[in-house]
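Coordinates in review
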Amino acid sequence: MELMHIVLVLVVAVVFAVIGMVVGVIYRKRVSEREISSAEDEAKRIINESIKSAESKKREALVEAKEEIHRNRVEYEREVKDRRAELTKQENRLQQKEENLERKIESLEKKHDNLAQKQTEVDRKLDEVSQIKTEQLQKMEKISGYTVDEAKQHLISTLQSEVTHELAATLKSLEAQFKDEADQKAREYISLAIQRCAADHVAEAAVSVVPLPSDEMKGRIIGREGRNIRTIETLTGVDLIIDDTPEAITLSSFDPVRREVARITLEKLILDGRIHPARIEETIVKARREVDAIIKSEGERATFETGIHGLHPEVIKLLGRQKYRTSYGQNVLNHSIEVSHLAGLLAAELGADVATAKRAGLLHDLGKSIDHEVEGSHVTIGVELAKKYKESPDVIHAIEAHHGDVEATTIVACIVQAADTISAARPGARRENIESYIKRLEKLEELTNSFNGVESSFAIQAGREVRVIVKPEEITEDQMVLLARDIARKIESELKYPGQIKVHLLRETKAIEYAK
């Protein structure tokens with residue numbers, strides 16, 4: 001019973017459990033159906049709202065799209081209208097240009113036709129002119145008796161003669177005019193400069209003479225087996241000439257400074273009386289110091305006299321060396337000082353730079369200070385020295401041009417040329433030996449005789465004038481003027497001479513007949 005009761009209880013419990021489960025399932029199903037129904041309603045609501053919102057946005061987008069399309073259409077129509085108007089204008093311009101081109105082409109065609117007609121007419125007339133010219137030439141040749149070439153030659157010779165005459169006459173007129181004016185001014189400037197310039201000149205030769213107290217001193221100077229004289233000659237570079245000249249010794253050297261050192265040495269040795277190699281060497285050293293001091297003092301004197309400052313110390317020494325240098329017997333230092341004064345005076349008269357002119361005048365012969373030591377002309381050496389010691393371009397050019405090696409391009413260079421010529425050419429300034437004098441005269445006559453048409457020539461007035469006798473059958477009166485200029489130019493370019501040379505041409509035609 002109990003077992004059945006238990007089973008019954010279990011069955012009842014199972015039934016109730018099943019019923020509970022069924023009831024729970026049914027309840028959950030109903031709840032789920034209500035939730036699903038509610039969710040479906042909510043979904044429908046959301047969908048409806050979304051549809052309404054989408055339709056509203058669609059309508060707004062359509063409206064905006066329509067407005068944008070309208071705006072773009074209006075803008076496009078405006079652009080199309082503007083482009084059509086521009087194209088219309090361009091078409092009108094092109095049409096006008098085409099019309100203008102057509103008119104120009106028509107005009108050019110007409111002109112071309114006219115030119116063709118005129119060219120034909122010109123060709124025809126040229127043929128006629130050529131024919132007429134040929135006929136005229138034939139007639140002229142028949143009348144004159146000359147061919148065309150002969151007539152040309154005759155005309156050329158006639159014109160050449162007339163041109164030569166006119167050229168000679170013009171040259172004479174211009175020379176006379178400029179000479180009158182230039183001579184007057186030159187006389188004023190040069191006379192004033194010379195009057196205001198006072199410089200002493202000492203004519204020195206290439207040898208020096210040392211007086212002796214007696215002829216016995218010659219033997220002492222020569223020394224035992226000639227050792228004293230050999231020492232002097234070796235250390236000074238000077239040749240001692242001991243001959244029959246009573247109480248005198250001659251010193252010969254191409255270097256004037258060495259010659260001066262030797263002279264002072266001999267005077268000191270003679271005065272001291274002790275003459276032997278050691279004493280000679282000591283005395284030569286002292287003499288060199290003394291000469292160096294004199295050179296420096298003389299250079300400073302030159303700068304003081306001319307009022308030129310700022311020169312390099314080596315330049316001052318080079319100027320001082322010119323005290324012992326001569327040219328044609330004219331002391332170079334005194335000549336340089338004189339040229340400096342003259343250049344300054346001429347520059348003042350002409351309104352040029354006086355300081356530069358005086359500086360260039362003082363330094364113009366600077367190369368002569370060492371021209372016996374360095375190869376080259378004194379002009380080239382002077383230019384190199386001036387460049388080395390940083391002189392101004394005007395001074396360097398004046399040094400380079402003072403003998404005509406280059407053309408003078410500044411007024412200072414021209415002034416230095418004139419001053420140098422005045423100083424060298426004035427009476428008594430220079431002298432030359434008889435051999436060089438005769439050679440210069442012979443060269444002058446030889447150069448003059450080298451010209452065609454010259455019969456003979458004679459150098460007179462100590463070479464300051466050359467008289468040329470021309471052949472009258474070859475040289476006309478007008479050609480004499482040109483020949484004189486040619487001779488003068490050749491003399492200037494090939495000869496070196498102080499002052500100036502007058503070229504005097506003579507022509508004489510004689511006709512002799514006897515009455516019977």
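For every chain, the first residue of the written sequence is number 1, and numbering continues from 1 along that sequence. Residue-level local features of this predicted model are given only where pLDDT is at least 70; pairs of side-chain atoms are given and counted only at 80 or more, and the full residue set underlies all totals for whole chains, interfaces and linings. Hydrogens are left out, water is left out, and the side-chain values use all remaining heavy atoms of the structure.

For the rest of this paragraph, the subject is the overall build of the chain. The secondary structure listing takes helices from DSSP runs of H or I that are at least 4 residues long and strands from runs of E that are at least 2 residues long, numbered from the N terminus. Scanning the chain from terminus to terminus reveals 14 helices and eight strands. Residue burial in the chain is summarised as follows: out of 516 residues, 30% are buried. Taking the contacts inside the chain whose residues are at least 6 apart along the sequence as the reference set, 62% of them involve residues at least 24 apart. With the model as given, the accessible surface of the chain reaches about 34900 Å², and the carbon-plus-sulfur share is 55%. Only protein chains enter the calculation, and the probe is 1.4 Å; a residue is then buried if its accessible area is under 20% of its type maximum, exposed if over 50%, and partly exposed in between. Between two residues, a contact is recorded if the distance between any of their heavy atoms is within 4.5 Å. Note that accessible areas follow from Shrake-Rupley with a 1.4 Å probe, and for residues the cover is restricted to the protein chains shown.

Before going further, it helps to examine the pattern of salt bridges. Only one rule defines a salt bridge in this text: a Lys or Arg side-chain nitrogen within 4 Å of an Asp or Glu carboxyl oxygen. Summed over all chains, the structure comprises 20 salt bridges. R45 is paired through a salt bridge with E49; the nearest N and O atoms lie 2.7 Å apart. Here R45 and its partner E49 are both found in helix 1 (residues 2-144), four residues apart, which amounts to about one turn of the helix. In this structure R45 comes out as partly exposed when scored by relative accessible area, which is 37%. Within the structure, one salt-bridge network assembled from shared partners comprises E42, R45 and E49.

What tends to happen in soluble globular proteins is that the nonpolar side chains get buried as a cluster. To qualify as a nonpolar core, a set must consist of buried Ala, Val, Leu, Ile, Met, Phe, Trp, Tyr and Cys residues joined through side-chain atoms within 4.5 Å. Counting 27 residues, the largest nonpolar core has L311, L362, L363, L366 and L385 as the members making the most contacts within it. Per element, the largest residue contribution to this core is five residues, and it comes from helix 11 (residues 393-401). The residues touching L362, leaving out its near neighbours within four places in the chain, are A302, T306, I308, L311, L319, S336, I337 and S340. Core analysis: the next-biggest nonpolar cluster, separate from the first, contains 24 residues, V238, L240, V261 and Y324 among them.

Another point: unusual backbone geometry. With a phi close to 55 degrees, E225 is a non-glycine residue in the positive phi region. Residue classification places E225 among the exposed residues on the basis of a relative accessible area of 71%.

What follows is about the confidence of the model for the chain. pLDDT measures the predictor's confidence residue by residue and takes values from 0 up to 100. Summarising the model, the chain shows a mean pLDDT of 80, and 84% of its residues fall at 70 or more. Mean pLDDT across the elements of the chain bottoms out in helix 2 (residues 148-196) (65) and peaks in helix 9 (residues 354-363) (90). When the criterion is pLDDT under 50, residues 195-205 qualifies, and its contacts beyond four places in sequence or with other chains add up to 24 contacts.

Centres within 6.5 Å are what make two rings of Phe, Tyr or Trp a pair, Trp counting through its six-membered ring; a difference in plane orientation under 30 degrees is then read as stacked, over 60 as edge-to-face, and the rest as tilted. According to the stated counting rule, one finds zero aromatic pairs in the structure shown. Whether a charge sits over a ring depends on NZ of Lys or CZ of Arg being within 6 Å of the ring centre and within 35 degrees of the ring normal. For the cation-ring pair, K490 lies above F451, with the distance from its terminal atom to the ring centre recorded as 5.2 Å.

A rise of 1.5 Å per residue sets the reference length of helix 8 (residues 332-350), with its 19 residues, at 27 Å; its end C-alpha atoms lie 26 Å apart and thus fit the reference within 8%. Judged by how many residues are buried, helix 8 sits mostly within the fold: 15 of 19 residues are covered. Its side-chain oxygen at 3.1 Å from the backbone nitrogen of L333, N331 defines the N-terminal cap of helix 8. Two residues or fewer after helix 8 comes G351, characterised by a positive phi angle close to 80 degrees. Multiply 1.5 Å by the residue count of a helix minus one, and that product is the helix's expected span. For this analysis, a polar contact is any N or O atom pair within 3.5 Å, provided that within protein one partner can donate a hydrogen and the other can accept it, and provided that sequence-adjacent residues contribute only side-chain to side-chain pairs.

As for its placement among the helices and strands, T265 is situated in helix 5 (residues 256-272). You can call T265 buried: its relative accessible area is 0%. Discounting residues that sit within four places of it in the chain, T265 has contacts with I280, T283, I284 and A287.

With that settled, the discussion passes to the environment of E373. Checked against the element boundaries, E373 lands in the loop between helix 9 and helix 10 (378-388). On a C-alpha basis, the gap between E373 and D255 in space is 8.4 Å, while along the polypeptide they are 118 residues apart. Once residues lying within four places of it in the same chain are set aside, the contact partners of E373 are D255 and R321.

Before going further, it helps to spend a moment on a negative patch on the surface. Together, E98, E99, E102, E106, E109 and D113 give the surface a local cluster of negative charge. Looking at where E109 falls in the secondary structure, it is placed in helix 1. A patch consists of residues exposed above 30% relative accessible area that lack any salt bridge, with like charges linked at up to 9 Å and nonpolar side chains (Val, Leu, Ile, Met, Phe, Trp, Tyr) linked at up to 5 Å. All tallies of charge rest on Lys and Arg as positive and Asp and Glu as negative; His and the ends of each chain are not included. By convention, the charge on Lys lies at NZ, on Arg at CZ, on Asp at CG and on Glu at CD.

For the rest of this paragraph, the subject is a nonpolar patch on the surface. The grouping of L8, V11, V12, V15, F16, I19 and V23 at the surface amounts to a nonpolar patch, some 620 Å² of accessible area in total. As for its position among the elements, V12 is in helix 1. A relative accessible area of 36% places V12 in the partly exposed class.

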